[in-house]
Amino acid sequence: MTQKKKATRAHTCPCGGSRFEDCCGPLLHGDRVAGSAEQLMRSRYTAYALGLGEYVMGTWHPGTRPATLDLSVEQSQGKWIGLAVLAHRREVDRAEVEFVARYKPAQGPATRLHELSRFVLEGERWWYVDGDIDPS
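Residues numbered from 1 in each chain as written. Predicted model: local features only at pLDDT ≥ 70, side-chain atom pairs only at ≥ 80, totals over all residues. Heavy atoms only, no water.

Trainee: It is not clear to me how the overall build of the protein chain should be interpreted in this structure. Could you clarify?
Mentor: Secondary structure assignment for the protein chain yields 4 helices and 4 strands. Mapped from its N terminus to its C terminus, the protein chain presents α and β elements in the order α-α-α-α-β-β-β-β. In terms of overall dimensions, the protein chain is globule-like: its C-alpha atoms have a radius of gyration of 14 Å, near the 14 Å expected for 136 residues. Classification of the 136 residues of the protein chain by burial places 41% in the buried group. With 18 positive and 17 negative side-chain charges, the protein chain shows a spacing of 7 Å between the two charge centroids. (Helix = DSSP H or I, 4+ residues; strand = E, 2+ residues; numbered from the N terminus. Rg over C-alpha atoms; globule rule 2.2 N^0.38 Å. Buried < 20%, exposed > 50% of the residue type's maximum accessible area, 1.4 Å probe, protein only. Lys, Arg positive; Asp, Glu negative; His and termini not counted. Charge placed at Lys NZ, Arg CZ, Asp CG, Glu CD.)

Right, dumping it as structure tokens:
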């Protein structure tokens, strides 16, 4: 069984924002929902970094969500080490967030994940829909 990493009040949020409890913590704890697609994307990155697969699945739009998601392999073989948001574009009920996330496997050099993610606003809740890896 893989232990989930924990962020405490004193730690900077894995997404690079402020203190965890002032940034992604309230979203991950279910105390509030993301106010923007960028906030949701940052909280999803943080959930990946902390091994919180339930949160990732719970923020994935039901129409595109996979049947399962197992972060345990990813957690045991490396760690997410940084996030840079490159752009955030919004049109009424849709948004795109372009970002680069860095991952350090247990063996070898760090790698980059460059993605253009798409989100939809339904009611008052943002959902991750899908994304393009290495967008041109």
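More follows now that the structure is in view.
Trainee: What is the right way to read the pairing of strand 1 (residues 78–91) from this model?
Mentor: Two faces belong to every sheet, and in a regular strand the side chains alternate between them. Here strand 1 pairs with strand 2 (residues 94–105) via 12 bridges, running antiparallel. Each bridged residue has a counterpart across the sheet, and for Leu83 the counterpart in strand 2 is Ala101. (Pairing = 2+ DSSP bridges.)

Trainee: Explain the layout of surface pockets to me, please; I cannot follow it from the model alone.
Mentor: Where empty space is left becomes clear once a probe the size of a water molecule has been rolled over the atoms. Size it by volume and the largest pocket reaches roughly 230 Å³. Along the wall of the largest pocket there are 14 residues; nearest its centre are Arg44, Tyr48, Phe99, Leu113 and Glu115. At the level of secondary structure, the elements contributing two or more residues to the lining of the largest pocket comprise helix 2 (37–50), strand 2 and strand 3 (111–122). Broken down by class, the residue content of the lining of the largest pocket amounts to 10 nonpolar, 1 polar and 3 charged. (1 Å grid on protein atoms, 1.4 Å probe; cavity = no way out; pocket = protein on both sides within 12 Å on 5 of 7 lines; lining within 4 Å. Points joined across faces, edges and corners; volume = space filled by probe spheres on them. Nonpolar A, V, L, I, M, F, W, Y, C, P; charged D, E, K, R; others polar.)

Trainee: Just to check I follow, could you spell out the packing of aromatic side chains for this structure?
Mentor: The geometry of an aromatic ring pair is captured by the separation of the ring centres together with the interplanar angle, meaning the angle of the planes. Overall, the coordinates contain 5 aromatic pairs when judged by the stated rule. A centroid spacing of 5.2 Å and a plane angle of 80 degrees characterise the contact between Trp60 and Tyr128, whose relative ring orientation is edge-to-face. Pair noted here: Trp60 is in the loop between helix 3 (53–58) and helix 4 (72–76) and Tyr128 is in strand 4 (residues 125–133), with a separation of 68 residues, a long-range link. We note that Trp60, like Tyr128, is buried. With a centroid separation of 5.7 Å and an interplanar angle of 70 degrees, the aromatic rings of Phe119 and Tyr128 are classed as edge-to-face. Since its relative accessible area comes to 9%, Tyr128 is described here as buried. (Phe/Tyr/Trp six-rings, centres within 6.5 Å; stacked < 30°, edge-to-face > 60°.)

Trainee: How should I be thinking about the environment of His11 in this particular structure?
Mentor: Note on placement: His11 falls in the segment before helix 1 (25–28). Classification of His11 as partly exposed rests on a relative accessible area of 43%. Setting aside anything within four residues of it in sequence, one finds His11 in contact with Arg19 and Phe20. (Contact = heavy atoms within 4.5 Å.)

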